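An overview of the molecular structure
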Amino acid sequence: MQKISWLVAGTGLGILLTAGATALAEKQALSPLPINELRAFTDVYARIKQDYVEPVDDKKLINEAINGMLTGLDPHSAYLDPEAFKDLRVNTSGEFGGLGLEVNLEDGLVRVISPIEDTPAFMAGIKAGDYIMKIDEAPVRGLSLSDAVAKMRGKPNTPVVLTVLRKGETKPLVFTLKRAVIKVQSVKSRMLEAGYGYVRLAQFQDRSTEDVARALEGLYKENKGSLKGVILDLRNDPGGVLTGAIGVSSLFLPDNVLVVSTTGRAPGSSEKFNSSSEFFPRDGKPLPKDIKTVPLVVLVNAGSASASEIVAGALQDHKRAVVVGTQTFGKGSVQTIINVGKDSAIKLTTARYFTPNGRSIQAKGIVPDIEVEEATLNGVTGDAFRVREADLDHHLSNPQGGDETKTAPAKQGQPEAKLAPQPAAPAKAKPEALDKDGKPVKDEEPLRPGEISLKKDYQLQQALNVLKVQQIVSRTTPVSEGGVAVATTTK
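Residues numbered from 1 in each chain as written. Predicted model: local features only at pLDDT ≥ 70, side-chain atom pairs only at ≥ 80, totals over all residues. Heavy atoms only, no water.

Take the overall build of the protein next. When you go through the protein residue by residue, the secondary structure sums to ten helices and 22 strands. Among the 491 residues that make up the protein, the fraction classed as buried is 49%. For the protein, the proportion of contacts with a sequence separation of at least 24, taken over those separated by at least 6, is 70%. Approximately 24500 Å² of the protein is accessible, and the part contributed by carbon and sulfur atoms is 54%. (Helix = DSSP H or I, 4+ residues; strand = E, 2+ residues; numbered from the N terminus. Buried < 20%, exposed > 50% of the residue type's maximum accessible area, 1.4 Å probe, protein only. Contact = heavy atoms within 4.5 Å. Areas by Shrake-Rupley, 256 points an atom, 1.4 Å probe, with all protein chains shown as cover.)

Set out below in structure tokens:
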């Protein structure tokens, strides 16, 4: 438990924090040093020191060389200078200062992996896939990721202006935000209808499993008894600590069944993680008695990554839940944090992870059991503007082969085989909507970030319909151990 308590699997986090820097070197023999390549490196180093237009600090050159080695491997390996290493440790605790953005560096720009719910960036409308080109008046191109993050952070209530490039927009968008102390509320819940509960998990943190358990307990209490079904919403959840993913899966699965396995070259990187109540200690306080069998739907989309994909894959493979939504991000790799020096580290990809049935989701993602598109904008779905793992430069291939899942080009209309809200007709052909009294109905405001609205959220509506179908089927079909009876759906 102590070892895996530091294992995290998010789009921006996906890592294993370890204590030492030399364990791998001590346990496996290194190949002979490439003398010619090292000579070329020292020649370049000396030439820069001697001839560059301005003096360059040795520390800067070495740090940039290390960073270049790592970023050239894959999108998730990186060098963490003291400031970045500190930020990483703070982020996993769920409380830090700034704007509330998870970011990485791509093509010289800061790309938004995901805005964290209920933060200044999220409420301002910054979206996953946006590219930050300026912070205040300073161009981002040329800055390291840690330097860019440092510019976005500052004292609470101080302003910062972000200039953002967004696919589909003809000119940059400008956002003025106020910094805040970010206290991430990763779990939200509510009753959708009598008997049907909803739990939203925005990010996997150290305390997320306990928070989900508490939310479920509250729903049972509000319903004054057993629930007819639960929706676990993992849409746009970028991941987080792996123990959170195992714990959330364990809430719904029987004890001691496989949740996820990892495979790598380094000793100790190939492991199996089973469900267990040890991942959500509750001081003897029991969970709702039927939580292991209550009908369950997991909502996902292209913004669901890593730890989210672990949970969706585990519940899907064990036939414990029906996965509804669109294909997920496809980050199926584990990163290990290895200390180098006193207060810096490297984040190195050391393993791939696999679902209980042995599926690798790297560059593919989890395919939902029932595909339901998100709401459309002028006939184009929200997923059309997202970036997936397979779109990133230097991404790892899927060891099982097959087609990688890249972001499809935006196009008008929806495939007929998918459940999708139909694009609105042109304004001139749209009849005027009337209420029951014959009065014109005003157009509804669009769904605000973080808002839970059954009336406005098409995917959520369909998830609830799936639960109701499960209720009908389960009345005549026995519930199997570790799973729920579901209706067969043809996509």
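On to the sheet that holds strand 12 (residues 196–201), then. Across a sheet, strands are paired by hydrogen bonds formed along the backbone, either parallel or antiparallel in direction. Pairing within the open sheet is mixed, and its six strands lie in the order 11-12-13-16-17-20. Of all the strands in the sheet, just strand 11 (187–193) and strand 20 (370–371) have a single pairing partner and so form its edges. Strand direction decides the pairing type here: strand 13 (residues 229–233) and strand 16 (residues 296–300), joined by four bridges, are parallel. Paired with Val230 across the two strands is Leu296, which belongs to strand 16. Relative to strand 16, helix 9 (residues 307–317) is tilted by about 145 degrees, and along the sheet it contacts strand 13, strand 16 and strand 17 (322–325). (Pairing = 2+ DSSP bridges. Axes fitted to C-alpha atoms, helices over the stretch in contact; angles between N-to-C directions.)

Turning our attention to the pattern of salt bridges. Per the counting criterion, the structure on display carries 14 salt bridges. The residue Glu106 makes a salt bridge to Arg111 at a minimum N-O spacing of 3.1 Å. In this structure, Glu106 and Arg111 share a single accessibility class: buried. Of the charged contacts, one joins Arg214 and Glu210 as a salt bridge, the two residues approaching to 3.5 Å between their closest N and O atoms. Linking Arg214 with Glu210, this pair stays in helix 7 (residues 208–223), spanning four residues, or about one helical turn. Here the salt bridges do not stand alone but share partners, grouping Arg200, Asp233, Arg235 and Asp457 into one network. (Salt bridge = Lys/Arg side-chain N within 4 Å of Asp/Glu carboxyl O.)

This part is about the nonpolar core. Counting residues in hydrophobic clusters, the biggest one holds 47 residues, and the most contacted among them are Leu232, Phe252 and Val298. One finds Val103, Ala148, Leu162 and Phe175 within the second-largest nonpolar core, a separate group that totals 19 residues. (Core = buried A, V, L, I, M, F, W, Y, C linked by side-chain atoms within 4.5 Å.)

Centre-to-centre distance and the angle between the planes together describe a pair of aromatic rings. Inspection of every chain in the model, using the stated rule, returns one aromatic pair. On the numbers, 6.3 Å between centres and 35 degrees between planes, the contact of Phe41 with Tyr45 is tilted. Of this pair, Phe41 and Tyr45 both sit in helix 2 (residues 35–51), four residues apart, which is roughly one turn of the helix. Under the relative-accessibility criterion, Tyr45 is labelled partly exposed at 22%. (Phe/Tyr/Trp six-rings, centres within 6.5 Å; stacked < 30°, edge-to-face > 60°.)

On the secondary structure map, Pro399 appears in the loop between strand 22 (380–381) and helix 10 (458–474). By relative accessible area, Pro399 is classed as partly exposed at 45%. Along the primary structure Pro399 and Arg352 are separated by 47 residues, whereas in three dimensions their C-alpha atoms are 8.9 Å apart. Excluding residues that lie within four positions of it along the chain, Pro399 makes contacts with Arg352, Phe354 and Ser360.

This paragraph deals with the pairing of strand 16. The buried fraction of strand 16 amounts to five of the five residues, a majority that puts the element mostly inside the structure. Going residue by residue along strand 16, you find Leu296, Val298 and Val300 tucked away on one face and Val297 and Leu299 tucked away on the opposite face as well. Sheet topology note: the strand 16/strand 17 ladder contains four bridges and is parallel. The partner of Val300 across the bridge, within strand 17, is Gly325. You can see the chain leave strand 16, run along helix 9 and come back into strand 17, and the turn it takes is right-handed. (Right-handed = clockwise from strand over helix to strand, strands pointing away.)

Moving on: the packing of helix 7 against helix 8 (residues 242–252). The angle between the axes and the distance between the axes are what describe a pair of packed helices. Packing of helix 7 against helix 8 brings their axes to within 8 Å, and their N-to-C directions diverge by 30 degrees. In terms of axis orientation, helix 7 runs roughly parallel to helix 8. Along the contact surface, helix 7 presents Thr209, Val212, Ala213 and Leu216, while helix 8 presents Thr243, Gly244, Gly247, Val248, Leu251 and Phe252. Looking at the contact of helix 7 with helix 8 residue by residue, the classes come out as six nonpolar, four polar and no charged. (Parallel < 35°, antiparallel > 145°, perpendicular 65-115°, else oblique. Nonpolar A, V, L, I, M, F, W, Y, C, P; charged D, E, K, R; others polar.)

Moving on, we come to the side chain of Thr349. Examined against the element boundaries, Thr349 turns out to sit in strand 19 (residues 344–354). Among the polar contacts made by the side chain of Thr349, one reaches the side chain of Asp74 at a distance of 3.0 Å. Within the structure, the side chain of Thr349 is placed 2.8 Å from the side chain of Gln335, a separation counted as a polar contact. Those residues in contact with Thr349 that lie beyond four places of it in its chain are Asp74, His76, Ser77, Ser333, Val334, Gln335 and Leu396. (Polar contact = N/O pair within 3.5 Å; in protein donor to acceptor, adjacent residues only side chain to side chain.)

To continue, consider the packing of helix 8 against helix 9. Axis separation between helix 8 and helix 9 bottoms out at 9 Å; the angle between their running directions is 25 degrees. Comparing their axes, helix 9 and helix 8 come out roughly parallel. In the packing of helix 8 onto helix 9, the handedness of the crossing is right-handed. Residue-level inspection shows Leu242, Ala245, Val248, Ser249 and Phe252 of helix 8 in contact with helix 9, the latter providing Ala307, Ile310, Val311, Ala314 and Leu315. Looking at side-chain class alone, the contact of helix 8 with helix 9 contains nine nonpolar, one polar and no charged residues. (Left-handed = near helix turned anticlockwise from the far one by under 90°.)

Moving on, we come to helix 9. Buried residues dominate helix 9, accounting for eleven of its eleven residues. In this structure, the buried side of helix 9 is in contact with strand 13, helix 8, strand 14 (258–263), strand 16, strand 17 and strand 19. In the stretch just after helix 9, Lys319 is the one whose phi turns positive, near 55 degrees.

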